[in-house]
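Residues per chain are reported as follows:
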Amino acid sequence: MNKKKIINDPVYGFVTIPSGFIYDLIQHPYIQRLRYIKQVSMTHLVYPGALHTRFQHVVGAMHLMSLAIETLRGKDVLISEEEEEAALAAILLHDVGHGPFSHSLEHTLVEGVSHELISAQLMDKLNKEFNGRLDLAITIFNDHYPRPFLHQLVSSQLDTDRMDYLNRDSFFTGVSEGVISFDRIIKMLNVKDDELVVEVKGIYSVEKFLIARRLMYWQVYLHKTVIAAEQMLIQALARAKQLSNAGHRLFATPALEHFLTQRVTKENFLENESHLEWFTRLDDTDILSAIKIWADHEDPILRTLCRKLIRRELFRTEMSNKPFPTEYINELKEKVKEKFMIGEDEVGYFVYEQVVGNSAYDSSSSKICVLEKDGQLKDIAEASDLSNIEALTKRVNKYAVTYPKEIGYITQRQQTIINI
């Protein structure tokens, strides 16, 4: 069987599957499941084109990894075929642990368990299936390989993961501010002392990459209406779980029922392998089918949340640079309790606060190093002549409060009290 296939990708054109082993990985049910998980969760309720999937993303990231390795080899960086295949497998599997609606429901169905931890577990299971063929890929993924640049291509401040999701998400949302010069960045990559660096000629493309990342977070990923939709989804699942624990039998697929009817924490998730097996059967369709049925449930809270999600009657989110006054939050809650005839212990399903934040460049975790013409290395923040690159290293937090639109704005709030 010929396994050297091509995939027609709307962002990059034709993407080549380079080997039979990579083809077998792509065909595995764990990867195929990603076809049914949206890349950017509820963002399609704001940007209707944002219906692309995690599967498209991992294939795209694999393509960029292939281009990066080709570029580095052209600059006399020795990369064996075994290392290439391992790097491609690592980036292909980096998101295999995502659950339904990607980041939105992370920690909701399985408490305290990140998608990175689940990815690592699934990679171990796949490695057994493929008789140790993923040993090197796992070593690279965990950053235990003595050539760090291979891990940095998978996960760093300038990796193929980020390059693809910025490029892809801007493409499908239509938000042009997120467009990056991924091809030029890749052409400017190099390796010095086994660390990934960017040649000084590529500095402006990297600056644009960092600015695009900041803009995409505030304009797309942390858009206030997206935040509202995600919180409504989270609260609907929380209510369903509470009802299940109280003995109510809710419609659910077998996989979703597994997580609704029992508390799955990090401790018992790692101890009981059946939790992982049930998790691999979950995707967006399990949640969506339940939401559609729950929209007619007898419980008024669950019914209201689900019906509003289906009809896109989304809550309002207000955002501020500083915390909202306690009296304002309390007034919101009182209005909601009166409008929906609920008690104090139930108002949390309709009014919720959170802090959202982003730093476009976190130099404390890893640095983007610029290779100067004299061979010296400089951090991008130091090498750049843009003063705002330094500012991008600072984490910006905003405070958000979400509540039903039906209650309206409580008061015409003085701007001197809350700085939006």
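Since the structure is predicted, the reported quantities are computational estimates derived from the model, not experimental observations.

In terms of helices and strands, the protein chain carries 19 helices and nine strands. Taking the principal axes of its C-alpha atoms as reference, the protein chain extends roughly 70 × 55 × 35 Å. In the protein chain, which comprises 420 residues, the share counted as buried stands at 56%. Across the protein chain, every contact between residues at least 6 apart in sequence was considered, and the portion connecting residues at least 24 apart equals 72%. Carbon together with sulfur atoms contributes 49% to the accessible area of the protein chain, which is approximately 18800 Å² in total.

A few words now on helix α11 (residues 224-245). Under the 1.5 Å per step criterion, the end-to-end length of α11 is 31 Å for 22 residues, consistent within 8% with the ideal 32 Å. At the C-terminal side of α11, Gly247 shows a positive phi close to 100°.

Attention shifts here to the side chain of Ser102. Mapping Ser102 onto the fold places it in the loop between α4 (81-93) and α5 (115-129). The exposure class assigned to Ser102 is buried, which follows from its relative accessible area of 3%. Not counting chain neighbours up to four residues away, the residues in contact with Ser102 comprise Ile37, Lys38, Gln39 and Arg54.

Moving on: the packing of aromatic side chains. All told, the structure shown has eleven aromatic pairs when counted by the stated rule. Between Phe21 and Phe130, the ring centres sit 5.4 Å apart and the planes meet at 90°, which makes this aromatic pair edge-to-face. Remark: Phe130 occurs in the loop between α5 and α6 (135-141) and Phe21 occurs in helix α1 (residues 20-27); sequence separation between them is 109 residues. An identical accessibility class is assigned to Phe21 and Phe130; each is buried.

Contact pair helix α3 (residues 54-74) / helix α8 (residues 160-173): the axes reach a minimum separation of 9 Å and the direction vectors enclose 125°. For the element pair α3 / α8, the angle class is oblique. In the crossing of α3 with α8, the sense of the turn from one axis to the other is right-handed. On the side of α3, the interface is formed by Gln56, His57, Gly60, Ala61, Leu64 and Met65, while α8 contributes Thr160, Asp161, Met163, Asp164, Tyr165, Arg168 and Phe172.

On to the pattern of salt bridges, then. Applying the stated criterion to the full structure yields 23 salt bridges. For Arg307, the salt bridge goes to Asp296, with nearest N and O atoms at 3.1 Å. Remark: Asp296 occurs in the loop between α15 (284-294) and α16 (300-311) and Arg307 occurs in helix α16; sequence separation between them is eleven residues. Given the relative accessible area of 27%, Arg307 is considered partly exposed. We classify Asp296 as exposed; its relative accessible area is 60%.

Further remarks concern the confidence of the model for the protein chain. Mean pLDDT over the protein chain: 93, with 96% of residues reaching 70 or higher. Per-residue pLDDT stays below 50 along residues 414-420; that stretch engages in 17 contacts with residues further than four places along the chain or on separate chains.

By size, the foremost hydrophobic cluster in this structure holds 144 residues, and its most contacted members are Ile22, Leu25, Leu134, Phe149, Leu233, Leu256 and Trp294. Apart from residues no more than four positions distant in its own chain, Phe149 is found in contact with Leu72, Val77, Ile79, Val191, Asp194, Glu195 and Leu196.

Another aspect to go through is the sheet that holds strand β5 (residues 316-320). The sheet built from three strands is open, its strands ordered β5-β9-β6 with antiparallel pairing. Two strands lie at the open edges of the sheet, namely β5 and β6 (352-358), each paired on one side alone. Here the average twist between neighbouring strands, direction ignored, is 30°. Pairing of β5 with strand β9 (residues 396-403) involves five bridges; the strand directions are antiparallel. Within β9, the position partnered with Arg316 by the bridge is Tyr403. Helix α10 (residues 203-221) contacts β5, β6 and β9 of the sheet and is inclined by roughly 170° relative to β6.

This next bit is on the pairing of strand β1 (residues 6-9). The pairing of β1 with strand β2 (residues 13-16) spans four bridges and is antiparallel. Following the sheet pairing, Asp9 is matched in β2 by Gly13.

Among the structural elements, Thr53 can be located in the loop between α2 (29-32) and α3. Among the residues examined, Thr53 registers a relative accessible area of 12% and is labelled buried. Those residues in contact with Thr53 that sit more than four places away from it in its chain are Leu34, Arg35, Ile37, Lys38 and Gln39.

Turning to the sheet that holds strand β4 (residues 195-199), a few remarks are in order. Read across the open sheet, the four strands follow the order β3-β4-β7-β8; overall the sheet is mixed. Here the strands that pair on one side only, and so sit at the sheet edges, are β3 (189-192) and β8 (377-379). Each adjacent strand pair in this sheet contributes to an overall mean axis angle of 45°, direction not counted.

Here the phi dihedral of Asp194 falls at roughly 65°; this positive angle occurs in a residue that is not glycine. Here Asp194 shows up in the loop between β3 and β4. A relative accessible area of 27% means that Asp194 is categorised as partly exposed. Even without glycine at this site, Met341 takes up a positive phi of about 55°. Within the secondary structure, Met341 is located in the loop between α17 (326-340) and β6.

What counts, and at which threshold
- Numbering of residues starts from 1 in every chain and runs along the sequence as written.
- Owing to the predicted nature of the model, reporting of local features is limited to residues with pLDDT of at least 70; listing and counting of side-chain atom pairs is limited to 80 or more, with chain, interface and lining totals taken over all residues.
- Computation of side-chain values covers all heavy atoms of the structure but excludes hydrogens and water.
- Runs of E in the DSSP output that reach at least two residues are strands. Runs of H or I that reach at least four are helices, and both are numbered from the N terminus.
- Type-normalised accessible area, obtained with a 1.4 Å probe on protein chains alone, sets the label of each residue: buried when under 20%, exposed when over 50%, and partly exposed for intermediate values.
- Contact between two residues is taken to exist if any of their heavy atoms lie within 4.5 Å; hydrogens are not considered.
- Surface accessibility follows the Shrake-Rupley procedure with a 1.4 Å probe radius. Residue values consider only the protein chains on display as shielding.
- Each residue after the first adds 1.5 Å to the expected span of a helix.
- Only rings of Phe, Tyr and Trp enter the pairing, Trp through its six-membered ring, and a pair is recorded when the two centres are within 6.5 Å. The plane angle decides the type: under 30 degrees is stacked, over 60 is edge-to-face, the rest tilted.
- To get an axis, fit a line to the C-alpha atoms, keeping to the stretch in contact for a helix; angles then go from 0 to 180 degrees between the N-to-C directions.
- Each angle is binned into one of four classes, with values under 35 degrees roughly parallel, values over 145 roughly antiparallel, values of 65 to 115 roughly perpendicular, and all other values oblique.
- Left-handed is the label given to a crossing in which the near helix is rotated counterclockwise from the far helix by less than a right angle, and right-handed is the label when the rotation is clockwise.
- For salt bridges, the criterion is a side-chain nitrogen of Lys or Arg within 4 Å of an Asp or Glu carboxyl oxygen.
- Scored between 0 and 100, pLDDT is the confidence that the predictor attaches to each residue.
- As used in this record, nonpolar core signifies buried Ala, Val, Leu, Ile, Met, Phe, Trp, Tyr and Cys residues forming a set joined through side-chain atoms within 4.5 Å.
- Strand pairing is assigned whenever DSSP identifies at least 2 bridges connecting the two strands.

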